[in-house]
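Listed below, chain by chain, are the residues.
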Protein chains: 2
Amino acid sequence: MGALRLPSLALLLSPCKSLRLVSRPLLLRLRPSTLKPAASVSGGAGSRGLSSHSLAKEESSLPPPSADRKPSLSYEGSVTPRSVDFNAWYLDVIASAELADYGPVRGTMVIRPYGYAIWEAIQEYLNVKFKETGHSNMYFPQFIPYSFIEKEASHVEGFSPELALVTIGGGKELEEKLVRPTSETIVNHMFTQWIHSYRDLPLMINQWANVTRWEMRTKPFVRTLEFLWQEGHTAHATLEEAEKEALQMIDVYKKFAYEQAAIPVIVGRKSRAETFAGAIRTYTIEAMMGDRKALQAGTSHNLGQNFSRAFGTQFTDENGQRQHVWQTSWAVSTRFVGGIIMTHGDDAGLMLPPRIAPIQVIVVPIWKTADEKNGVMNAVSSLKDVLHKADIRVKIDDTEQRTPGWKFNFWEMKGVPLRIEVGPRDVANESVVVSRRDIRGKPGKDFGISMEPSVLVTHIKSRLEEIQTSLLQRATSFRDSNVVDVNSYNELKEAIAQGKWARGPWSASDAEEVKVKEETGATIRCFPFEQPQGQKKCFMTGNPADEVAIFAKSY
Amino acid sequence: MGALRLPSLALLLSPCKSLRLVSRPLLLRLRPSTLKPAASVSGGAGSRGLSSHSLAKEESSLPPPSADRKPSLSYEGSVTPRSVDFNAWYLDVIASAELADYGPVRGTMVIRPYGYAIWEAIQEYLNVKFKETGHSNMYFPQFIPYSFIEKEASHVEGFSPELALVTIGGGKELEEKLVRPTSETIVNHMFTQWIHSYRDLPLMINQWANVTRWEMRTKPFVRTLEFLWQEGHTAHATLEEAEKEALQMIDVYKKFAYEQAAIPVIVGRKSRAETFAGAIRTYTIEAMMGDRKALQAGTSHNLGQNFSRAFGTQFTDENGQRQHVWQTSWAVSTRFVGGIIMTHGDDAGLMLPPRIAPIQVIVVPIWKTADEKNGVMNAVSSLKDVLHKADIRVKIDDTEQRTPGWKFNFWEMKGVPLRIEVGPRDVANESVVVSRRDIRGKPGKDFGISMEPSVLVTHIKSRLEEIQTSLLQRATSFRDSNVVDVNSYNELKEAIAQGKWARGPWSASDAEEVKVKEETGATIRCFPFEQPQGQKKCFMTGNPADEVAIFAKSY
């Protein structure tokens, strides 16, 4: 490592807002060395950040960027340890693993290929499940007449502070058009034209789209001005059917979280104050991040007849009577990628559950002489074919600019679940070394695994499954050790002050919910579906309570 | 058919513009009976358009919509024949086949599930090809600082008349932000931060996104204010590599057009006047629609260093010298869906190439008694399983509200390549009748095809392949019989007046190209890659010409 320290994205968190429009000057700030541990890996010579180009350009006393620094544009040999500064770690990982970058308009995000591949894994799973449960994809325009938002009273109240408005089109001033913050209004406008009789119901659709919410405080993936999501919209003949649908879809999300993302979300119902603007009931999956803050990772709304009454979305029932339809909507967004990062990562960087990892196995060839190289590269190349044919997502890192040690660290930082190391001795023995990302050092290594295709594939597949299971177990233990049962407001305050989640009986008023938020920073994340048996007394009022609620600070 | 005639979408083509913002009043116009042939199909009782609900609501003298009209919301038993009025036919097909609908903001389009499924087929094929050729998906924000568009001179000239601008965000006035009309500017802004040395090249990415161009004259799929597309963007170390990439991608598009969409596009280079704003060279695939107008169905641009110079996108080459990168961009959009409709459709409606048809086989059960129904439905259900397992996209139409005859017409109008009819006698004989969409009536029917799974699957698969081939052949013959070789301006005028494409040697000036456009309405669609041998003389000037150009009227 030279004397030059490069800035981490962490420092870009709170720059002067106007500066954000110009990306280069931002990158001139240097990272204070207290935040930066010494690089422990040989081969990581030279610092190469997002900023080196800018630095070279703007500060002529600095050396020009040299040409031999691939593959990472931004990895400097390590990231801020998660245990030192969670937020700095998060932003470092996003920059170093090349998941995302800031866009030129404040609060926007460029999703880079490695980050986008995680989103594609989410899409692929959910898209199949949506179709299996009877939904069709379609696409609604993103521009919505301003008047639409005003039709549903609570909806306009919830969304108007965050709207982006197009006022000029083709050089002319227009009546203001919304850029969709969500599509319930335009969906209802169209449903009203498509739905006539009970035979047209249920109408069940989904769209993959971008939406815009002009947020003041943004954070990559977690909250951005524009984000990608899917939004499902359905219309039904009865309240019961709509309720069943809303519950079915939150269950799809829950299964995705547990089985694919290895995130042990808590499923429940939102409090009245936290219900979606326009819904009669909102179901949510709440995930505990590594800093123990809650992340709302997906929601499913029973909209009742709120939008159908506002838009006149009616059908003729079997008795010839006109009725308003009952509706749902449900969404998961690129925020989920942030949830995956913040659930599983550790001091060394990202840790990806095998089922959604863009690369499941990284192969690092090791050699010294040209002769060795030949043998190793041949072995590595046939290994890759074998694994690829077995539908394992595998990549070889054969760049010659980096040492094996640097590569080990780099791919661990990128969260790849398994690494295969192949050196000349391994080739001679027809075996390889397999290292787990989730168990670092010797305990996570399997030595002498045969290169024989069926043996190797079986070994790799079972290790990937073990890691998948292990990540979920680890996250579940972490969650469970950080949820505290409380029976008084004081106990809640103490739990929240310790950074934990508090679970306790609750039947108090909306005003008291606001008071808790103001005094502790915690909100009701949900009334969980899983409820303790027996009589309960509200910890706030002492009145009888039907349910426990979970309180936590959240993103 | 009752006395009530419902309006066709065709009539909505040229309504007063301001009316377009409100969809209901539009739908009150009635279709003149001259445009509407008598419904020839029994079972199509009652008229049920996009508009019936509105009619019922707005004109109380009309009968309320009855409840027994599924599956089509808008099919009235037939569409305007293509041979009578091409444009009316196009809009009728889009409405009746439920491909798309107008959005509430003028010029926007709602893509309905059946239309979106065609777009998904396009996406699935191209997405694989893009990855195979080394591109990664990612996502750039759609909001771009206004200043970006001004950096590349010809780019701003080309796009500024069509821009949509966001001027209000979160309740506050903002510096104007573009809603992307295309992403070259923001891509270069980011590339400048990611590209440092020759080792970072080539950088090859793609995004699937919506874009906005505030067009005055719109037409569903073909030209809408907002549309969906993919845009590829690449950066290379040399002009040669960029040129190779631009050619490779136009070839990917060409293969898709021929092999999947059965559209015999002509591949070539755009004239200077028709080159993309900011490119040094634009390649195009030009398709001949059923009315013989040309549709530009996909383009691939060699951008040279125009954007890299404007944005300072540089790399350090192997000799340590700073150089500007060489770039390409290439795109295919939802316009392609319009191209498929207008290439293959006929008087009866849509005709879809099997490889991109959302439904490849529609199964229509036929019965009279409850007893017959049992046997037929059992047979039909196992047929479906057999075909589904063989990866054939199959659907049963078992609604009881429609007669078999109505269903035959309906699914022909929807363009489904094959129909299987199963009646009681077929069940007794353990055989079915298979009818082709592309050959109507008896010549297109295969009688007595065994229900034995392997026999049936083989038969259906080979028929689907035959239809795929036949559609391409038919379109190719049509194209070839409508391209005329011309050797004088008069011959060109005559060909264009006859609605044909004119191909002739061209080396005249941009001004003369403009003159041809003004006098004939035709533009140079491309200088085709396939060129006749030998010396050529420009048909306009008599000067030597290196190439022939193709002139045509276009969408």
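Predicted model only: the values in this text are computed from it and were never measured.

Concerning the overall build of chain A
In terms of helices and strands, chain A carries 16 helices and 23 strands. The proportion of buried residues among the 555 residues of chain A is 61%. Carbon and sulfur atoms provide 49% of the accessible area of chain A, an area that totals close to 20800 Å².

Observations concerning the relation of the copies chain A and chain B
One copy of the chain maps onto the other through a rotation about an axis followed by a shift along the same axis. When chain A is fitted onto chain B, the two copies agree to an RMSD of 0.0 Å after a turn of 180 degrees and an axial shift of 0.0 Å. Taken together, these values place the two copies in the relation of a two-fold axis. Of every C-alpha in chain A, the one belonging to Val166 of chain A sits nearest the axis of rotation, 2.1 Å from it. In this assembly the copies share their binding face: 99% of the residues contributing to the interface of chain A also contribute to that of chain B.

Points about the pairing of strand β18 (residues 431-436) of chain A
All names here are of chain A. Counting buried residues in β18 gives six out of six residues, a clear majority hidden from the surface. Burial along β18 is two-sided: the residues Ser431, Val433 and Ser435 and Val432, Val434 and Arg436 are all buried. Sheet topology places strand β17 (residues 418-422) next to β18; four bridges connect them, and they run antiparallel. In the strand pairing of β18, Ile420 is matched with Val434.

With respect to helix α15 (residues 489-497) of chain B
All names here are of chain B. Listed in full, the buried residues belonging to α15 are Tyr489, Leu492, Ala495 and Ile496. The arc that holds every buried residue of α15, seen down its axis, measures 120 degrees, which confines them to one face. Facing away from the buried side of α15, by more than 90 degrees, are the exposed residues Asn490, Glu494 and Ala497. Contacts from the buried residues of α15 go to β20 (483-485), β21 (501-505), α16 (510-520) and β25 (548-552). Gly499 lies just past α15 and shows a positive phi near 85 degrees.

Overview of the UniProt feature "domain: Aminoacyl-transfer RNA synthetases class-II family profile" (unreviewed entry) in chain A
Taking the UniProt record as the reference, the feature "domain: Aminoacyl-transfer RNA synthetases class-II family profile" (unreviewed entry) is found at residues 106-353 of chain A. Taken end to end, residues 106-353 of chain A has its terminal C-alpha atoms 31 Å apart, with 32% of it in helix and 32% in strand.

A look at the environment of Ile263 of chain B
All names here are of chain B. Relative to the assigned elements, Ile263 resides in the loop between α8 (239-260) and β9 (266-269). Note on Ile263: relative accessible area 2%, which makes it buried. Sequence spacing of Ile263 and Arg479 is 216 residues, and the spatial spacing of their C-alpha atoms is 9.8 Å. Those residues in contact with Ile263 that lie beyond four places of it in its chain are Ala257, Tyr258, Ala287, Phe336, Gly339, Ile340, Thr343, His344 and Leu472.

Let's talk about the packing of aromatic side chains
Residue and element names in this part refer to chain B. This model, assessed by the stated rule, comprises 36 aromatic pairs over all chains. Relative to Trp208, the ring of Trp119 has its centre 5.9 Å away and its plane inclined at 75 degrees; by these criteria the two rings are edge-to-face. One end of the pair, Trp119, is in helix α4 (residues 113-132); the other, Trp208, is in strand β7 (residues 203-212), with 89 residues separating them in the sequence. Take Trp208: its relative accessible area is 14%, and that puts it in the buried class. Relative to Phe551, the ring of Phe539 has its centre 5.6 Å away and its plane inclined at 70 degrees; by these criteria the two rings are edge-to-face. You can see Phe539 sitting in the loop between β23 (536-537) and β24 (544-545) and its partner Phe551 sitting in strand β25, a full twelve residues away along the chain.

Notes on the interface of chain A and chain B
Taken together, the contact between chain A and chain B spans 79 residues of the former and 79 residues of the latter. Together, the buried faces of chain A and chain B total about 6600 Å²; carbon and sulfur atoms form 59% of this surface. On the chain A side of the contact with chain B, Tyr139, Phe143 and Arg199 of chain A bury the most area, a combined 11% of that side's loss. Counting across the interface, chain A meets chain B through two salt bridges. Lys131 of chain B is the salt-bridge partner of Glu120 of chain A, the closest N and O atoms lying 3.2 Å from each other. The interface formed by chain A and chain B contains 23 residue pairs in polar contact (both at pLDDT 80 or more).

Some details on the confidence of the model for chain A
Of all residues in chain A, 87% attain a pLDDT of 70 or more, and the chain-wide mean is 88. Both scores are available for the predicted complex, with the pTM at 0.88 and the ipTM at 0.88.

Considering the packing of α4 of chain B against α8 of chain B
All names here are of chain B. It is the contact of α4 with α8, at a shortest axis distance of 11 Å, that shows an interaxial angle of 145 degrees. Note on packing geometry: the crossing formed by α4 with α8 is right-handed. Within the contact between the two elements, α4 uses Ile122, Tyr125, Leu126, Lys129 and Phe130 and α8 uses Met249, Val252, Tyr253, Lys255, Phe256, Glu259 and Gln260. Of the residues that constitute the contact of α4 with α8, the class distribution is eight nonpolar, one polar and three charged.

So, the sheet that holds strand β5 (residues 164-169) of chain B
Overall, antiparallel pairing links the six strands, which are arranged β4(A)-β6(A)-β5(A)-β5(B)-β6(B)-β4(B) in an open sheet. Edge positions in the open sheet fall to β4 (143-145) of chain A together with β4 (143-145) of chain B, since each of these has one partner strand only. Mean inter-strand twist for the sheet, computed between neighbouring axes without regard to direction, equals 50 degrees. Alignment of strand β5 (residues 164-169) of chain A against strand β6 (residues 172-179) of chain A, held across five bridges, turns out to be antiparallel. If you follow Ala164 of chain A over to β6 of chain A, its bridge partner there is Val179 of chain A.

Thoughts on the packing of helix α11 (residues 370-389) of chain A against helix α14 (residues 453-480) of chain A
Residues and elements named next belong to chain A. Packing of α11 against α14 brings their axes to within 10 Å, and their N-to-C directions diverge by 60 degrees. Classified by the interaxial angle, the pair formed by α11 and α14 is oblique. By crossing handedness, the relation of α11 to α14 is classed as right-handed. Across the interface between the two elements, Leu383, Val386 and Leu387 from α11 touch Pro453, Leu456, Val457 and Ile460 from α14. Taken together, the residues of the contact of α11 with α14 break down into seven nonpolar, no polar and no charged.

About the thresholds
Residues numbered from 1 in each chain as written. Chains lettered and ligands numbered in written order. Predicted model: local features only at pLDDT ≥ 70, side-chain atom pairs only at ≥ 80, totals over all residues. Heavy atoms only, no water. Helix = DSSP H or I, 4+ residues; strand = E, 2+ residues; numbered from the N terminus. Buried < 20%, exposed > 50% of the residue type's maximum accessible area, 1.4 Å probe, protein only. Areas by Shrake-Rupley, 256 points an atom, 1.4 Å probe, with all protein chains shown as cover. Least-squares fit on C-alpha atoms with pLDDT ≥ 70 in both. Contact = heavy atoms within 4.5 Å. Pairing = 2+ DSSP bridges. Arc of directions from axis to C-beta. UniProt positions renumbered as here; feature names shortened; annotations may be inferred. Phe/Tyr/Trp six-rings, centres within 6.5 Å; stacked < 30°, edge-to-face > 60°. Buried area = accessible area lost by both parts, 1.4 Å probe. Salt bridge = Lys/Arg side-chain N within 4 Å of Asp/Glu carboxyl O. Polar contact = N/O pair within 3.5 Å; in protein donor to acceptor, adjacent residues only side chain to side chain. pLDDT = per-residue confidence, 0-100. Axes fitted to C-alpha atoms, helices over the stretch in contact; angles between N-to-C directions. Left-handed = near helix turned anticlockwise from the far one by under 90°. Nonpolar A, V, L, I, M, F, W, Y, C, P; charged D, E, K, R; others polar. Parallel < 35°, antiparallel > 145°, perpendicular 65-115°, else oblique.

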